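# Overview (structure and organization)
Each chain is listed here by its residues.
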Amino acid sequence: MSTTPPSATESPSDRIPPGILAARDYERLAGQFIPADRLAYIAGGSGEDWTAQANVTAFARWSSVPRVLRDLRAGHTRVRIGAEDWAQPICLAPVAFQKLVHPRGELETARAAAATHTALLLSTLATTPLEDVARLLPAHDALPRPWFQLYLQPRREDTLALVRRAEAAGYGAIVLTLDASIQLASHRALRAGFRMPADCVPAHGASTAMAPAVPEGASRIFQGAMALAPRAEDLAWLRTATPLPVWVKGVLDPADARALADAGCAGLVVSNHGGRTVDGVAPSLSLLPAVREAVGPHVPLLFDGGIRSGADVFKALALGANAVLVGRLQLYALAAAGALGVAHLLRLLGEELQACMAVAGCARIADIGPDRLLAVPDFHAIP
């Protein structure tokens, strides 16, 4: 295999690369398929990437507790999330700009979702129109409807137009991102000289509006970027503007989680935006148990941040999530082998999860609880 990564305008291999033995291998081999500057942007977070790395290493603080003599012959990974039945508690996260790694971008990811009956969450910053993605995910009893991740647009009429398009195309929910108003660049990506290529244009709008000019002496943060941040009245308006269930993404504080649940949100996504806001934010996994305790057992929680294996999925479920989102791994697999790579990744994650469940004596997702984990007393990051 050539040691020079292909450009994103070239088609990746139509076969699974040699050396993929586990889901996390797609990350290990990503440099073979993604140009260095693009990989720096994808893998990076904010600043020196401490939070992005902490998201991953937080899982090593926990080990699973085995059980024996359990009858698991009727075991399965099916789970109900909102109004959807999922074959396994794994969803493809709303990863932006997928044409960075594959010329057909989100269309290949949607093909993989359809082939594996996997839930897909499409980004506002997708490089493929939401209607084109939906056509690859037709209504089917075994196939969850796609969901649409929403960034509020500068004008409410533009936001509403996006929501109406998602409704008309058959999307099953709107997931409003709340935590992206501040996004400081990764120093790694800056040092690599990354620039967004001309063919990676958002199909639906911007992540945030252009910050207004501020008078001399005013703050570019408080009176600039944060002047356009989502507020409670925006969420209340959105919930009345659409019949679709409205989830919110970017929740870490237990008090925020409780308030959002009380406000009638359909569910929450526990996430720190992949470590891309401000470096030093707590890893998502460290706050997941407190969020679950704050909202109680009946509020649906999705988890986002650092998933690299089926064992990670198991741990997130045990600590309070109903299902997880898979982000960066999705792009690594897409770069390596297109739809085939993403489908293979999803199968690996599912089988790794099933193996963890079997050893822990869990026949169903509902059997996975905090009693199936043990905190590692002498924590160290496992490579």
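What comes next concerns the included structure. Owing to the predicted nature of the structure, the values given are computational and were not obtained by experimental measurement.

## Details of the packing of aromatic side chains
For the structure on display, the rule yields 5 aromatic pairs. On the numbers, 6.0 Å between centres and 90° between planes, the contact of F59 with F303 is edge-to-face. Separated by 244 residues along the polypeptide, F59 in the loop between α3 (50-57) and β1 (62-64) and F303 in strand β10 (residues 301-304) bring together distant segments of the chain. Between F148 and Y171, the aromatic rings sit 6.1 Å apart at their centres with planes inclined by 80°, giving edge-to-face as the arrangement. Placement of F148 in strand β6 (residues 147-150) and of Y171 in the loop between α6 (156-169) and β7 (174-177) is noted, with a sequence separation of 23 residues between them. Residue classification places F148 among the buried residues on the basis of a relative accessible area of 0%. Taken together, the ring pairs in this structure connect W86, W147 and W247 into an aromatic cluster. Of note, R276 hangs over the ring of Y41, and the distance from its end group to the ring centre comes to 4.9 Å.

## Quick look at the side chain of H273
Examined against the element boundaries, H273 turns out to sit in the loop between β9 (267-270) and α11 (284-295). What makes H273 buried here is its relative accessible area of 11%. At 3.5 Å, the side chain of H273 forms a polar contact with the side chain of D179. Sequence-distant contacts of H273, defined by excluding residues within four places in its chain, comprise Y151, T177, D179, A180, Q183 and K249.

## Some remarks on unusual backbone geometry
Of note, H117 is a non-glycine position whose phi angle comes to about 55°, a positive value. A positive phi angle is found at H273, which is not glycine, with a value near 60°.

## Observations concerning the packing of helix α12 (residues 310-318) against helix α13 (residues 328-360)
Running from N to C, α12 and α13 point in directions that differ by 55°, and their axes come no closer than 7 Å. Relative to α13, the element α12 is oriented oblique. Along this stretch, α12 crosses α13, giving a crossing that reads as right-handed. On α13, the residues touching G310, A311, V313, F314 and L317 of α12 are L349, E352, L353, C356, M357 and A360. Among the residues making up the contact of α12 with α13, the classes are represented as 9 nonpolar, 1 polar and 1 charged.

Thresholds applied
- Residues numbered from 1 in each chain as written.
- Predicted model: local features only at pLDDT ≥ 70, side-chain atom pairs only at ≥ 80, totals over all residues.
- Heavy atoms only, no water.
- Phe/Tyr/Trp six-rings, centres within 6.5 Å; stacked < 30°, edge-to-face > 60°.
- Helix = DSSP H or I, 4+ residues; strand = E, 2+ residues; numbered from the N terminus.
- Buried < 20%, exposed > 50% of the residue type's maximum accessible area, 1.4 Å probe, protein only.
- Lys NZ or Arg CZ within 6 Å of the ring centre and 35° of its normal.
- Polar contact = N/O pair within 3.5 Å; in protein donor to acceptor, adjacent residues only side chain to side chain.
- Contact = heavy atoms within 4.5 Å.
- Axes fitted to C-alpha atoms, helices over the stretch in contact; angles between N-to-C directions.
- Parallel < 35°, antiparallel > 145°, perpendicular 65-115°, else oblique.
- Left-handed = near helix turned anticlockwise from the far one by under 90°.
- Nonpolar A, V, L, I, M, F, W, Y, C, P; charged D, E, K, R; others polar.

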